[in-house]
Amino acid sequence: SGPGRAAMYAGLQELGVANGEDLKETLTNCTEPLKAIEQFQTENGVLLPSLQSALPFLDLHGTPRLEFHQSVFDELREKLLERVSAIALEGKVEERYKKLEDLLEKSFSLVKMPSIQPVVMCVMKHLPKVPEKKLKLVMADKDLYKACAVEVKRQIWQDNQALFGDEVSPLLKQYILEKENILFSNDISVLHNFFSPSPKTRRQGEVVQKLTQMIGKNVKLYDMVLQFLRTLFLRTRNVHYCTLRAELLMSLHDLEISEICTVDPCHKFTWCLDACIREKFVDNKRARELQGFLDGVKKGQEQVLGDLSMILCDPFAINTLALSTIRHLQDLVGQDTLPRESPDLLLLLRMLSLGQGAWDMIDSQVFKEPKMEAELITKFLPMLMSFVVDDHTFNVDQKLPSEEKGPIPYPSTIPEAFTKFLQENRIACEIGLYYILHITKLRNKNAFLRLLPALVETFSDLAFSDIFLHLLTGNLTLLGDEFALEEFCTSLFDGFFLTACSRKENVHRHVLRLLLHLHHKVAPAKLESLQKALEPTKQSGEAVKELYNQLTEKLELRKPSPAEVTETPSMELPLPAVPTPASR
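My aim in this report is to walk through the structure given alongside it, one point at a time. None of these values were measured; they are calculated from a predicted model. Each chain carries its own residue numbering, running from 1 in the direction its sequence is written. Under the rules for a predicted model, residues below a pLDDT of 70 receive no local features and side-chain atom pairs below 80 are neither given nor counted, while totals for whole chains, interfaces and linings still include all residues. To obtain the side-chain values, all non-hydrogen atoms of the structure were included, while hydrogens and water were left out.

**Some thoughts on the overall build of the protein chain**
When its secondary structure is counted, the protein chain shows 32 helices and zero strands. Considering the protein chain as a whole, with its 584 residues, one finds that 43% of them fall into the buried category. Long-range contacts, defined here as pairs at least 24 residues apart, represent 71% of the contacts in the protein chain between residues at least 6 apart. For the protein chain, the computed accessible surface area is about 32,200 Å², with 56% contributed by carbon and sulfur atoms. The helix count covers DSSP runs of H or I at least four residues long, the strand count covers runs of E at least two residues long, and both are numbered beginning at the N terminus. Here the term buried applies to any residue with accessible area under 20% of the maximum for its type, exposed to any over 50%, and partly exposed to those in between, with areas from a 1.4 Å probe on protein chains only. Here, two residues are considered to be in contact whenever any of their heavy atoms come within 4.5 Å of each other. Throughout, the Shrake-Rupley method with a 1.4 Å probe supplies accessible areas, and for residues the shown protein chains are the sole cover considered.

Here you go:
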């Protein structure tokens, strides 16, 4: 008895089928219980004449009637489920759905009966349009809602944005968290970084797959997800939402869901850009194609620029455009060509500019391409090219036989205009930061130390953003040996990182990540002062404290024990160095 029993028989009475309650009533009001049970069995048993003689045979074998009925029931249910799936595929469309609707009408009252529920759910799953009344009943009952197939849920969601939002929201939170975990990962490497996974690999991620499954072929749900992403991007300025926007569209593209791909005006542009991201370079052929899409935005359709800008604001797109820009600048140096004479370079800047302007465009709802500042092309980029030339000149000078004048020093000053550009112009800042990543990757210590002071104050603090610091820390592992030099450490830590540590928790985390990786390379005196400078304050978050503790533990392990230190006899006379076996 109790609610569990009641659920087992839910809805049978409405169909005129006797249930446990009826049997109880019969037995309560009868004079001969055994006869009453026999009659109940005859009336409600399986009505097959051939079965009447076989049942006593089962009794002789001690097989309970329940077990027999249960196995018959399970067998019939399997057959019915198969039949429902078959009906959904056969005959004329109207006829098959009419059959399923009739079946649903007959069976729906049993939907809460656990043994029958799978059949009712299966019928609903195959109906492209479940009657509104039934959907409302499912929606009102938590357990039924949970039990129904995603095909049915889609029908519920498309008219209940709030409910759909509740389902999507935890997935979006998870997605952002996963991205941040990669950026702050303790594995620092120049080979495996945030941008290493290919687009195809990224789209296999759990969140993208779940969202793709939830949307199915439903354009209305796809639009809702895009609306959530736009709203969250506006609210938080978090660019990872832009990545998800592109990944979701390309995931549907992979599954060839034309119902959605053909109505998203960004589809072909995103597809082409996706191929560039895969190659980490925009080649000439694809550049023409992308330009064609941008030039093809017609009057009255400018709103599509808002979507395109969000696709271009994806950090993976920005990374590809910026890397391509640096490569172009180097080529131009070799060709003696100015930036303004290169249409390919101008297109890259146009797309960077559109991507970087995404937030403002969606916020202001003014859909036109941002104006490119002429000075970016006539002054800033030639300045970067002059840095490339400085390196060439210095390298050639090093190789020339030196006259009495002695070696030519590396240029140590930077033009004031460079610093000003990095502070005031977003695109210049982005390209400048990628140039610095580029020279670090080339292990060009001189150029790195020369340009580093310009990073202390940048546009919107871009030099202290997670993506840049993630890439910079990775590239700095290539300059590991320089960390033994006081001058290098002072420039990098005191001159750059520590200027922001106290006001920016994320910078604090990135410095600790770097030291966890390279502490054994840092000069001991410097390491000690850094350990003091990086000590967490009361305001520091858990992540900083955790990293600091990890670093402290590592440093403790490196210290020689006090016994070793005291037992070393002091030598009055300097002894000649004897090579140890390891250094031979």
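**A short note on the nonpolar core**
By convention a nonpolar core is built from buried Ala, Val, Leu, Ile, Met, Phe, Trp, Tyr and Cys residues, the set being connected through side-chain atoms within 4.5 Å. The biggest cluster of nonpolar side chains holds 158 residues, and the ones touching the most others in it are Phe380, Phe448, Leu476, Phe483, Leu492, Phe493 and Phe497. Setting aside anything within four residues of it in sequence, one finds phenylalanine 497 in contact with Leu469, Leu472, Leu476, Leu492, Val507, Val511 and Leu514.

**Considerations on empty space enclosed by the protein**
It is the rolling of a water-molecule-sized probe over the atoms that shows where space remains empty. With a 1 Å grid laid over protein atoms only, a set of points is called a cavity when a 1.4 Å probe fits there but cannot get out and a pocket when it is open yet has protein on both sides within 12 Å along at least five of seven lines; lining residues have an atom within 4 Å of a point. Grid points are joined across faces, edges and corners, and a volume is the space filled by probe spheres set on the points. Scanning the entire structure with this criterion turns up two cavities of 30 Å³ or more. If you trace the largest cavity, you find 13 residues lining it, with Arg202, Ala246, Asp274, Ile277 and Asp314 closest to the centre. Of all the secondary structure elements, the ones that give two or more residues to the lining of the largest cavity are α12 (199–203), α15 (240–254) and α17 (267–279). Under this grouping Gly is polar, as are all residues other than the nonpolar Ala, Val, Leu, Ile, Met, Phe, Trp, Tyr, Cys and Pro and the charged Asp, Glu, Lys and Arg. Grouping the amino acids of the lining of the largest cavity by side-chain chemistry returns six nonpolar, two polar and five charged. Here the second largest cavity is characterised by a volume of approximately 40 Å³. Ile326, Leu329, Gln330, Leu384, Met385, Val388 and Tyr435 together form the lining of the second largest cavity. Going through the elements one at a time, α20 (315–335) and α23 (374–399) are the ones with two or more residues in the lining of the second largest cavity.

**Comments concerning the pattern of salt bridges**
Within this document, salt bridges are pairs made up of a side-chain nitrogen of Lys or Arg and a carboxyl oxygen of Asp or Glu, the two lying within 4 Å of each other. What the rule picks out here adds up to 25 salt bridges. Between lysine 136 and glutamate 132 there is a salt bridge; the shortest N-O distance is 3.3 Å. With a gap of four residues between them, lysine 136 and glutamate 132 both fall in helix α8 (residues 132–140), about one helical turn apart. Under the relative-accessibility criterion, lysine 136 is labelled exposed at 51%. A relative accessible area of 44% places glutamate 132 in the partly exposed class. The shortest N-O distance in the salt bridge between lysine 379 and glutamate 375 comes to 3.0 Å. Of the two residues, lysine 379 and glutamate 375 are both situated in helix α23; the distance of four residues between them amounts to about one turn of the helix. Look at lysine 379 and you get partly exposed, because its relative accessible area is 47%. When its relative accessible area of 40% is taken as the criterion, glutamate 375 is described as partly exposed. Beyond isolated ion pairs, a larger network of salt bridges with shared partners links Lys200, Arg203, Asp254 and Asp274.

**Quick look at the packing of helix α14 (residues 219–236) against helix α19 (residues 304–313)**
Relative to each other, α14 and α19 sit at 65°, their axes nearing to 12 Å. As summarised for this structure, α14 and α19 are arranged roughly perpendicular, according to the angle between their axes. As α14 packs across α19, the resulting crossing turns out to be left-handed. Across the interface between the two elements, Leu229, Arg230 and Phe233 from α14 touch Asp307, Met310 and Cys313 from α19. Split into classes, the residues belonging to the contact of α14 with α19 amount to four nonpolar, no polar and two charged. Structural elements are reduced to axes, namely lines fitted to C-alpha atoms, with helices fitted over the stretch in contact, and the angle between N-to-C directions of any two is expressed from 0 to 180 degrees. In this scheme, roughly parallel covers angles under 35 degrees and roughly antiparallel covers those over 145, while 65 to 115 is roughly perpendicular and the rest are oblique. Crossing handedness is defined as follows: a turn of the near helix away from the far one that is anticlockwise and smaller than a right angle gives a left-handed crossing, while the clockwise case is right-handed.

**Concerning the packing of α15 against α17**
Following both chains from N to C, one finds α15 and α17 inclined at 95°, their axes separated by 10 Å at the closest point. Judged on the interaxial angle alone, α17 and α15 are roughly perpendicular. Packed against α15, whose contacting residues are Ala246, Leu249, Met250 and His253, the element α17 presents His267, Thr270, Trp271 and Asp274 at the interface. Residue composition of the contact of α15 with α17, grouped by class: four nonpolar, three polar and one charged.

**Regarding the layout of surface pockets**
If you add up the space inside the second largest pocket, you get close to 1,200 Å³. Looking at the second largest pocket, it is lined by 48 residues, and the ones nearest its centre are Val239, Gln356, Arg426, Glu430 and Leu462. Of all the elements in the fold, those that place two or more residues in the lining of the second largest pocket are α11 (161–183), α14, α20, α21 (343–356), α22 (358–364), α25 (426–441) and α27 (466–476). Considered class by class, the residues forming the lining of the second largest pocket number 24 nonpolar, 12 polar and 12 charged.

**Topic: the side chain of histidine 519**
Residue position: histidine 519 is located in the loop between α29 (505–518) and α30 (524–533). Those residues in contact with histidine 519 that lie beyond four places of it in its chain are Leu527, Leu551, Lys554, Leu555 and Arg558.

**Things to note about the packing of aromatic side chains**
Note on aromatic pairs: the rings of Phe, Tyr and Trp (six-membered ring only in Trp) are paired at centre separations within 6.5 Å, and the planes decide the class, stacked below 30 degrees, edge-to-face beyond 60, tilted for the rest. With the rule as written, the count across this model stands at 17 aromatic pairs. Between the aromatic rings of phenylalanine 195 and phenylalanine 316, the centroid separation amounts to 5.0 Å while the plane-to-plane angle is 85°, which identifies the pairing as edge-to-face. Separated by 121 residues along the polypeptide, phenylalanine 195 in the loop between α11 and α12 and phenylalanine 316 in helix α20 bring together distant segments of the chain. The two residues phenylalanine 195 and phenylalanine 316 agree in class, both being buried. Summarising the aromatic geometry, the rings of phenylalanine 269 and phenylalanine 293 are spaced 6.1 Å apart at their centres and angled 75° between planes, so their arrangement reads as edge-to-face. Taken together, the positions of phenylalanine 269 in helix α17 and phenylalanine 293 in helix α18 (residues 284–295) put the pair 24 residues apart, joining distant regions of the chain. Site record: aromatic cluster; members linked through ring pairs are Phe448, Phe464, Phe483, Phe488, Phe493, Phe496 and Phe497. Criterion for a charge above a ring: Lys NZ or Arg CZ within 6 Å of the ring centre, and within 35 degrees of the ring normal. Sitting over the face of the ring of phenylalanine 184, arginine 509 holds its NZ or CZ atom 3.6 Å from the ring centroid.

**Quick notes on α19**
α19 sits mainly inside the fold: 10 of its 10 residues count as buried. Looking only at α19, the buried set comprises Val304, Leu305, Gly306, Asp307, Leu308, Ser309, Met310, Ile311, Leu312 and Cys313.

**What about the environment of serine 502?**
Within the fold, serine 502 resides in the loop between α28 (486–501) and α29. Separated by 34 residues in sequence, serine 502 and proline 536 place their C-alpha atoms 9.2 Å apart.

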